[in-house]
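Structure assessment
Below are the chains, spelled out letter by letter.
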Amino acid sequence: MIIRFIVASIFVSTAAFAAGMGSNRVLGVSEGGTGTPSGPAAVPFIAPGGVSSASALSRAGHHLNVIDDFGAKGDGQWPYLAVTCQAGSATISFASATWSSKTYTPVFSGADVGKIIAVPGCGGTWLAYGPVTVSSAGSSYVYGAIITLNGGTGPEPIKVMVTATTASDGVSAGGVASAVLYNPGIFTTTPSGVLSQASTNGTGTGATFAAPNFTSVLSATIKAVNSASSVTLSTSAAASQTGVAQFVTYGHDDQPAFASALSAMIVNPTRGSRLYVPTPPGQGYLFGSQLSLIGASATPYDYENAVTIEGDGRASTIRAAAVMDSVIQKDAVWSRGYRVAGLQIDAAAMAIHGVSILNGQNNYIDHNWITNAAPGGSNVLLAQGGTGAGTDTVSDNYILNDSAVIPDLAHMPTFALDVESPDNNIMFNFMVNGSYCQVYDGGSNNHFVTNHGYAIPSAFYAPYNMCARGASTWVGNTSGGGTTVAGYYVTGYASHLTGNHAQGDPIGYLVASGVQDAHLVGNWADEGSVPIAVQQNGAPGVNTVVAANTGLQPVYQNYNGGFYSGIGQHVKGGASGPLGWLGSYGYVNGQGNFALGSGIDDHYRKGCFIRSSVGTNGWNGDSQVVDCVMYGSGTSAANITSTGNMPPGGVNEIFVPINIPFSEDVTVKLHAYCSTQDYGYWTVNFGLIANKSAAGVQFEGASGPTTTPPTFTSVRKSTGAASWTPSVVLDTTNGGAYLTGTGTCTGGKTIYWVADVHIVETGAGAN
């Protein structure tokens, strides 16, 4: 019975179905724009479970069409033309220009009178761009602090974000060492000179900055068409240029139609209202001003006011046609449930953001192309606009800043995606060409899952792709290269990264000094020029765990003279950096080392296991035990070092530290073998002493320091190894001693030497 009912319910008459074909309308929406089916043009709404069509439609809410029901034109176009304008004149001239192998010719006509137009470079409204120059560092700023600057006239001021402080780790409180644009501002009169701080979201004071560069857009209405290549505008140009090729945007302003639709949909609350944005007849819909998604409390449910704005995919393009904050913005009034989906939202380097959410929860931005934000902005912004902001979803978007459209790195937005609010889900997004990083987490408890970010070509490389500043979780993301520093920059308390991929980055994962409770486990790095899995720029904080990460060079390497430390710190890696450390407070700088304990100093040795207890006698490394494997080979002679037959030096021999007076007790167990079945085994014990001088290194003799080398004791050796002789050689150049082996094997075969070197180090730091 149930099956028969379902089958019966899905049959719709052929005539009724045909009546709806060829229209942009959504099923169940009439031509008249009321949102109620009427007449033969309406296709019956197929209700689930046998509910009547009228009742089901009432529950589904209004499904309206922005063209059919609200008169949007969708006739926007943006040809690439050579522009000539003169400050003080309202007449603009255009000439043909070629972009991407296509030549565009101006074709203005009388039908264009009354349309809006946006002409870059002719003055009017100004945006900052380019690098930020620090004039005075000030004090008490931390990484990620946002500073609002004084100066200029306009609706939005310039904001900059601190990207490094003068503190040793570049992250902790200090003066401003470097900064990037966070908001380029919107100005009718630009600021100049040195710009001071108006406010900050932190506690820093005193920083000043040189006024940046500015770019302009003249937005106006076409008042008259003088010819196919000349128009007169409602507003005169405020700057001059001659024959500069660029994209010129013009067409009807469709923002009022969209705004009317949203207003009509939320006046009478209806759950699940949907505004359909069909493929337009022109290149796209133009917005001469920002479209606001209005938040308003409703009874009984605030989300009844929410609307879904949905198009046909990339074909449904909405493009900025003036300087504005955002093409689409959820306003600062708390509410839930808006959705923006299936659109291409082109900020056209005029909108600071493509889509922004200032406040509210449970909003969705999904399955969009969001392109070309203004310099210093971000394609998508989830702002911390008020109590309760967050728990939004940004999913399955292609977020692109096109290097073929934006002229250089200085004109790129700072981020592709900027997340400042908490508890959001950021999933399956593809992000390209933010000038600082592709995705920036300034919030907390966010979830970044299977996103992909990179920059291309090389002139547009960013310092980072993924900036993990918040206490958030990152799983399965890919940094696809195009970075100058690292794929992932971890600066946040309790950041958790697992199962992520860094592909082609100089450093896979760069962890800032002092980061506490961070976990980097099971990540991967490959294909970079030096694909380091994890690099530390200083001492990590308490409970930071770095483990089981791999790469072509799976190492954890120091950065700028920093060192590994931390309570419960376990660092695991490979041969071209410190292998690992379980302990705290000290220095592990050499390659292939593993350390256990506190107060360690490996003194840049290579390939050793360093152990200490839980403290020192006053200096790191002054009370520890070092075990090294040293080896070498040769047909007649060999150097026996921790790096094989390499020439002996301070890092691969039995090295005596000289930062304080040091004494070492050294026990060597040496084995040699040749494929002729010849072998030998020797032992030796000796002391080394130095008084803060490499040249003063000596052996500890029976009654005092001496330069006479100790003699190996032969434990066993075969007849063919009778001539094999190991030696200890004093090295007063590097400050230590090294091992050698001499002898020959029948048939000129190679002798292989391997030594187990055990060192007890005692430093006299108090003297």
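Notes on the structure in this doc start here. (Residues numbered from 1 in each chain as written. Predicted model: local features only at pLDDT ≥ 70, side-chain atom pairs only at ≥ 80, totals over all residues. Heavy atoms only, no water.)

1. Describing a nonpolar patch on the surface
Among the surface-exposed residues, Val629, Tyr631 and Val754 lie close enough to one another that they form a single nonpolar patch of about 270 Å² accessible area. Secondary-structure assignment places Val754 in strand 63 (residues 751-763). (Patch = residues over 30% accessible without salt bridge, like charges linked within 9 Å, V, L, I, M, F, W, Y side chains within 5 Å. Areas by Shrake-Rupley, 256 points an atom, 1.4 Å probe, with all protein chains shown as cover. Salt bridge = Lys/Arg side-chain N within 4 Å of Asp/Glu carboxyl O. Helix = DSSP H or I, 4+ residues; strand = E, 2+ residues; numbered from the N terminus.)

2. Comments concerning the state of the cysteines
Counted under the stated rule, the structure contains three disulfides. Residue Cys608 pairs covalently with Cys628 via a disulfide, S to S 2.0 Å. Note on the Cys608 and Cys628 pair: the S-S dihedral is about 105°, so by sign convention the disulfide is right-handed. Of this pair, Cys608 sits in strand 52 (residues 608-611) while Cys628 sits in strand 53 (residues 623-634), and the two are 20 residues apart along the sequence. Across this residue pair, the class does not change: Cys608 and Cys628 are buried. Each sulfur of the disulfide joining Cys674 and Cys745 lies 1.9 Å from the other. (Disulfide = S-S within 2.5 Å. Buried < 20%, exposed > 50% of the residue type's maximum accessible area, 1.4 Å probe, protein only.)

3. Details of the sheet that holds strand 7 (residues 146-149)
The sheet built from six strands is open, its strands ordered 6-11-10-7-8-9 with antiparallel pairing. Both edges of this open sheet fall to strand 6 (134-136) and strand 9 (176-183), since each of them pairs with a single strand only. Adjacent strand axes in the sheet meet at a mean angle of 45° when their direction is disregarded. Taken together, the three bridges between strand 7 and strand 8 (residues 159-165) define a ladder with antiparallel strand orientation. When the bridges of strand 8 are listed, Ile147 appears paired with Val160. (Pairing = 2+ DSSP bridges. Axes fitted to C-alpha atoms, helices over the stretch in contact; angles between N-to-C directions.)

4. So, the side chain of Ser356
Tracing the sequence through the fold places Ser356 in strand 24 (residues 351-357). With a relative accessible area of 1%, Ser356 lands in the buried category. Reaching out from Ser356, the side chain makes a polar contact with the side chain of Ser326 at a distance of 2.7 Å. (Polar contact = N/O pair within 3.5 Å; in protein donor to acceptor, adjacent residues only side chain to side chain.)

5. Details of the nonpolar core
Inside soluble globular proteins, nonpolar side chains tend to come together where they are buried. One finds Phe258, Val327, Ile328 and Tyr436 to be the most contacted residues of the largest nonpolar core, which totals 88 residues. Setting aside residues up to four positions removed in sequence, Phe258 forms contacts with Val66, Ala72, Leu275, Val277, Tyr285, Phe287, Leu291 and Ile318. One finds Ile654, Trp682, Leu688 and Val697 within the second-largest nonpolar core, a separate group that totals 35 residues. (Core = buried A, V, L, I, M, F, W, Y, C linked by side-chain atoms within 4.5 Å. Contact = heavy atoms within 4.5 Å.)

6. A closer look at the environment of Thr473
Within the secondary structure, Thr473 is located in strand 37 (residues 471-475). Take Thr473: its relative accessible area is 27%, and that puts it in the partly exposed class. When the C-alpha positions of Thr473 and Asn425 are compared, they lie 10.0 Å apart, and in sequence the two are 48 residues distant. Beyond its immediate sequence surroundings of up to four residues, Thr473 is in contact with Asn446, His447, Phe448 and His496.

7. Quick word on unusual backbone geometry
Between Ile456 and the following residue, Pro457, the backbone shows a cis peptide bond with an omega angle of -5°. Turning to its location among the elements, Pro457 is positioned in the loop between strand 35 (452-454) and strand 36 (466-468). If you check the backbone angles, His367 has positive phi at about 55° while not being a glycine. As for its position among the elements, His367 is in the loop between strand 25 (364-366) and strand 26 (369-371). On the basis of relative accessible area, His367 is assigned to the partly exposed category, the value being 46%.

8. Structural notes on the pairing of strand 2 (residues 80-85)
In terms of residue burial, strand 2 counts as a mostly covered element, since five of its six residues are buried. As paired elements, strand 2 and strand 14 (residues 241-247) share five bridges and run antiparallel to each other. Bridge assignment links Ala82 to a residue of strand 14, and that residue is Ala245. Sheet topology places strand 2 next to strand 3 (residues 91-99); four bridges connect them, and they run antiparallel. Paired with Leu81 across the strands is Ser96, a residue of strand 3. Between strand 2 and the antiparallel strand that follows it, strand 3, lie five residues; Gly88 among them carries a positive phi value of about 90°.

9. Describing the pattern of salt bridges
Inspection of every chain in the model, using the stated rule, returns eight salt bridges. Here Arg319 ties to Asp346 by a salt bridge, and the two come within 2.6 Å at their closest N and O atoms. Residue Arg319 is found in strand 20 (residues 317-320), and its partner Asp346 is found in strand 23 (residues 344-346); the two are separated by 27 residues along the sequence. Like Asp346, Arg319 is buried.

10. Considering the packing of aromatic side chains
In the structure shown here, the tally under the stated rule is 22 aromatic pairs. Considering the side-chain rings of Tyr464 and Tyr489, the 4.5 Å spacing of their centres and the 15° angle between planes classify their relative orientation as stacked. In this pair, Tyr464 sits in the loop between strand 35 and strand 36 while Tyr489 sits in strand 39 (residues 488-490), placing the two residues 25 residues apart along the sequence. The buried category is assigned to Tyr464, whose relative accessible area is 9%. Three or more aromatic residues joined by ring pairs make a cluster, and in this case those are Tyr143, Tyr182, Phe415, Tyr436, Tyr440, Tyr464 and Tyr489. Note that Arg314 overlies the ring of Trp369, its terminal NZ or CZ placed 3.7 Å from the centroid. (Phe/Tyr/Trp six-rings, centres within 6.5 Å; stacked < 30°, edge-to-face > 60°. Lys NZ or Arg CZ within 6 Å of the ring centre and 35° of its normal.)

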